[in-house]
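# Structural description and commentary
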Amino acid sequence: MIEFKNVSKIYPPDFVGVKNISLRIQDGEFVSVIGKSGSGKTTLVKLLMAEEPISHGELKIGDVEVTKIKRNEIPSLRRQIGAVFQDYKLLPRKTIFENVAYALEVCGINNKRIGEIVPQVLRVVGLEGKEGRYPLQISGGEQQRAAIARALVHSPKLLVADEPTGNLDALNTQEIIELLKKINSLGTTVLLVTHNREVVNALKKRVVTLDMGMVVGDAEHGRYKI
Ligand SMILES: Nc1ncnc2c1ncn2[C@@H]1O[C@H](COP(=O)(O)OP(=O)(O)OP(=O)(O)O)[C@@H](O)[C@H]1O
Ligand SMILES: [Mg+2]
């Protein structure tokens, strides 16, 4: 379970990122986070990944107290969280296979294990056959699927996707959302930040709405309203 208890993030000197957020997300949930530009969505993601220190309150992910996390515990927390962004963040000089493998290499995983895991996650995202291509030799939708494959290499309990379809057309958007639903149905908690009205309305899942850093809506089968 993820639990935010009265969490605030103030960026120095006094810019509010999020303010007094209290939120519980159960294992296996699919939660969309919506809100205007600047409402605190990415800040929420950064706090989950311990990319920014929390100013006030408590944040727990499973049995990890993110608020009290020590520097040397951060890599292990990040391995439990797969992250996907609008701009895929693939390395242009590495093939798709190498991009995905790299996330394992940096953790000291041996080649034999890498040779098992990479084809497995590429199969989940439907990229078998394209592993030898470079990012610029595949489509935007495929690049995002490669980024999702990379996010899955450590079998994370949580996948956070910050506007993953922001650069994609309607058809590719639909495919990425179907993929996120599939990953969720395999047991991973999914937190999706999105501006896409159609996506949120079609999902019919929990919707958390932020405004000026605060939670102003939390609906079980929510619709896009901001
Ligand atoms: N590094 C930073 N330093 C200072 N203020 C910041 C920083 N990052 C974000 N903020 C501020 O925190 C607030 C929330 O920003 P955040 O990036 O979380 O918004 P968002 O909901 O993700 O917006 P968008 O939809 O545009 O991505 C905004 O007012 C923003 O200006
Ligand atoms: Mg953002």
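First, a word on scope: everything that follows refers to the structure included in this document. (Residues numbered from 1 in each chain as written. Chains lettered and ligands numbered in written order. Predicted model: local features only at pLDDT ≥ 70, side-chain atom pairs only at ≥ 80, totals over all residues. Heavy atoms only, no water.)

### Quick notes on helix H5 (residues 140–151)
Each α-helix turn comprises 3.6 residues. Residues three or four places apart therefore point the same way. Compared with the 16 Å implied by 1.5 Å per residue over 12 residues, the 17 Å span of H5 between its first and last C-alpha is a close match. Burial in H5 covers these residues: Gly141, Glu142, Gln143, Gln144, Arg145, Ala146, Ala147, Ile148, Ala149, Arg150 and Ala151. For H5, the secondary structure elements touched by its buried residues are strand S6 (81–85), helix H3 (96–105), helix H4 (111–124), strand S7 (158–162) and helix H6 (170–185). (Helix = DSSP H or I, 4+ residues; strand = E, 2+ residues; numbered from the N terminus. Expected span 1.5 Å × (residues − 1). Buried < 20%, exposed > 50% of the residue type's maximum accessible area, 1.4 Å probe, protein only. Contact = heavy atoms within 4.5 Å.)

### Here's the deal with the pattern of salt bridges
A full pass over the atoms with the stated rule returns 13 salt bridges. Between Lys36 and Asp211 there is a salt bridge whose closest N-O contact spans 3.5 Å. Of this pair, Lys36 sits in the loop between strand S3 (30–35) and helix H1 (41–48) while Asp211 sits in strand S9 (residues 206–211), and the two are 175 residues apart along the sequence. Taken together, the shared-partner salt bridges connect Glu29, Arg206 and Asp218 into one network. (Salt bridge = Lys/Arg side-chain N within 4 Å of Asp/Glu carboxyl O.)

### Brief notes about the sheet that holds S6
Spatially, 6 strands are ordered S6-S7-S8-S3-S9-S10 in an open sheet, and the strand pairing comes out mixed. In this open sheet, the two strands that pair with only one neighbour each are S6 and strand S10 (214–219). In this sheet, neighbouring strand axes are inclined to one another by 20° on average, regardless of whether the strands run parallel or antiparallel. One ladder, built from 5 bridges, connects S7 with strand S8 (residues 189–193); its direction is parallel. Residue Asp162 lies in a different strand from S8, and its bridge partner there is Val193. Sheet strands touched by H1: S3, S6, S7, S8 and S9. Its angle to S7, the strand with the most contacts, is close to 150°. Sheet strands touched by H6: S3, S7 and S8. Its angle to S8, the strand with the most contacts, is close to 155°. (Pairing = 2+ DSSP bridges. Axes fitted to C-alpha atoms, helices over the stretch in contact; angles between N-to-C directions.)

### Describing the side chain of Gln143
Summarising the element assignment, Gln143 is placed in helix H5. Residue classification places Gln143 among the buried residues on the basis of a relative accessible area of 13%. Not counting the four nearest positions on each side in its chain, Gln143 is found in contact with Tyr88, Leu90, Pro135 and Ile138.

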